[in-house]
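Tertiary structure, described
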Amino acid sequence: MKTGQIEIMKKHIQIVIPMAGFGSRLRPLTWSKPKPLIDIAGKTSLDYLLSEFSSLNQDFEQEFIFIIAPNGWQIKSYMESHYPDVKCRFVVQEEMKGQSHAIYLARELIHGPMLMTFSDTIIEGDLSFLANEKSDGIAWVQWNPEPQRFGVAITDPNNQVERFIEKPATDEHKLVIVGFYYFSEGKDLIAAIEEQISKNISLKNEYYIADAINVMIQHGAKFRTEETKLWLDTGVPETVLSSNQYFLDHGNDNSSVASQRKSVAIIPPVFIAEDAIIEHACIGPYVSIAGGCEIRNAVIENTIIAEKSVISNIVMKDSMVGTKAQINNHSKRLFIGDNSITGDD
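Note that the coordinates shown come from a computational prediction; the quantities given were computed from them, not determined experimentally. Per-chain numbering applies: the sequence of each chain, read as written, is numbered from 1 onward. Only residues with pLDDT of at least 70 get local features here, since the model is predicted, and only at 80 or more are side-chain atom pairs given and counted; chain-wide, interface and lining totals rely on the full set of residues. Excluding hydrogens and water, the side-chain figures rest on all heavy atoms present in the structure.

**Examining the pairing of strand β11 (residues 175-183)**
The side chains of a regular strand alternate between the sheet's two faces. This is how it is decided: Type-normalised accessible area, obtained with a 1.4 Å probe on protein chains alone, sets the label of each residue: buried when under 20%, exposed when over 50%, and partly exposed for intermediate values. Helical segments are the DSSP runs of H or I of at least four residues, strand segments are the runs of E of at least two, and each set is numbered from the N terminus. We call two strands paired when DSSP finds no fewer than two bridges between them.
Within β11, eight of the nine residues are buried, which leaves the element mostly enclosed by the surrounding structure. Relative to β11, strand β8 (residues 137-143) runs antiparallel, the two being bridged by six bridges. Note on β11: the bridge partner recorded for V141 is I177.

**Structural notes on the environment of A306**
We count it as follows: Here a residue-residue contact requires only that any non-hydrogen atoms of the pair lie within 4.5 Å.
Tracing the backbone through its elements, the reader meets A306 in the loop between β18 (294-305) and β19 (310-321). Residue classification places A306 among the buried positions, given a relative accessible area of 3%. Considered as a pair, A306 and I123 are 183 residues apart in the sequence and their alpha carbons are 24 Å apart. In this view, A306 contacts K33, D39, A290, C293, V321, G322 and T323; residues no more than four positions away in its chain are not counted.

**Here's the deal with helix α4 (residues 186-198)**
Using the following cut-off: What a helix is expected to span follows from its residue count: subtract one and scale by 1.5 Å. N or O atoms closer than or at 3.5 Å make up a polar contact, with two conditions inside protein: a donor-capable atom paired with an acceptor-capable one, and, for residues adjacent in sequence, both atoms drawn from side chains.
Spanning 13 residues, α4 covers 19 Å between terminal C-alpha atoms, matching the ideal 18 Å at 1.5 Å per step. Buried residues of α4: G186, L189, I190, A192, I193, E195 and Q196, and no others. Against the buried residues of α4 lie α3 (99-104), β6 (114-117), β11 and α5 (209-218). The distance from a side-chain oxygen at the start of α4 to the backbone nitrogen of K187 is 3.0 Å, and the residue carrying that oxygen is E185. Positive backbone phi, at 55°, marks N200, one or two positions downstream of α4.

**Quick word on unusual backbone geometry**
Looking along the chain, the bond that leaves P268 and enters P269 is cis, with omega of -5°. As for its placement among the helices and strands, P269 is situated in the loop between β14 (264-266) and β15 (270-272). The backbone of K204 sits at a positive phi, close to 55°, despite the residue not being glycine. When you line up the elements, K204 lands in the loop between α4 and α5.

Following this line, the structure appears as structure tokens:
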């Protein structure tokens, strides 16, 4: 450090991401890979998830804690190969007992300021304000006319949270919790989860983090809401495809390069990996084709095709195709997993 320079010490923040769920709504794709590694617009869902925290880089040293399934080794391998400089810890959740239970498994690691998000929640916004945040916690929310499928925040006129309700019976309260939270002290959340579990505060045998935060509020914690305009969900096929559309519309379209291919008609936006082979095809709009794919004699729209798939003689729309799939002579919507073979020989 040169004379006269002042070294600014960054604050430490932990980012806890539970991702041990079965991903049952995305099967068969999730039989062979964790949900965060699903392809979307030239990247994985995990890549977009991690990019949410880029605005913290100036003020915070980040440490990620991933709660993974026993077969979640692919997450660890992906982080080591694609993000070797990111500090990561991994905790295995063998029993699916809910969100709070997943976080509680990392109780020996958690301390200090903490963010928590779900692996299928993608928001957009500047998080740098957290460097000067005074509240005990924040829940990110979005207005929704049909809140019954979600958790909701009930607030006072000063935007302070009075309580959370998980899956309310009515649509009276419309500030939906998107699954992204800040805690000024992670140990306080762990203490609340301990009380939640000891009192068996659960819904259908699962412990929800909204109930743990209610315990914190009952003990005097001050929580506020932060509204997000963008909330993408990558948990079901329809929302994965709509997220693919969003990212193609916002910077991931490479139609200008793809349109230079011979015998290929491109309808923007699309993402086509450079090494993919495309011949005699009409591609787009809203198609993502990963590396190593071979596609011939095809018309494809609003579809995600993962690595090294071979597709021919097909009209396909609103579909998702896993890695190394082989598809020939089809004309319908498809949702197939890795290494699948369908169609004529």
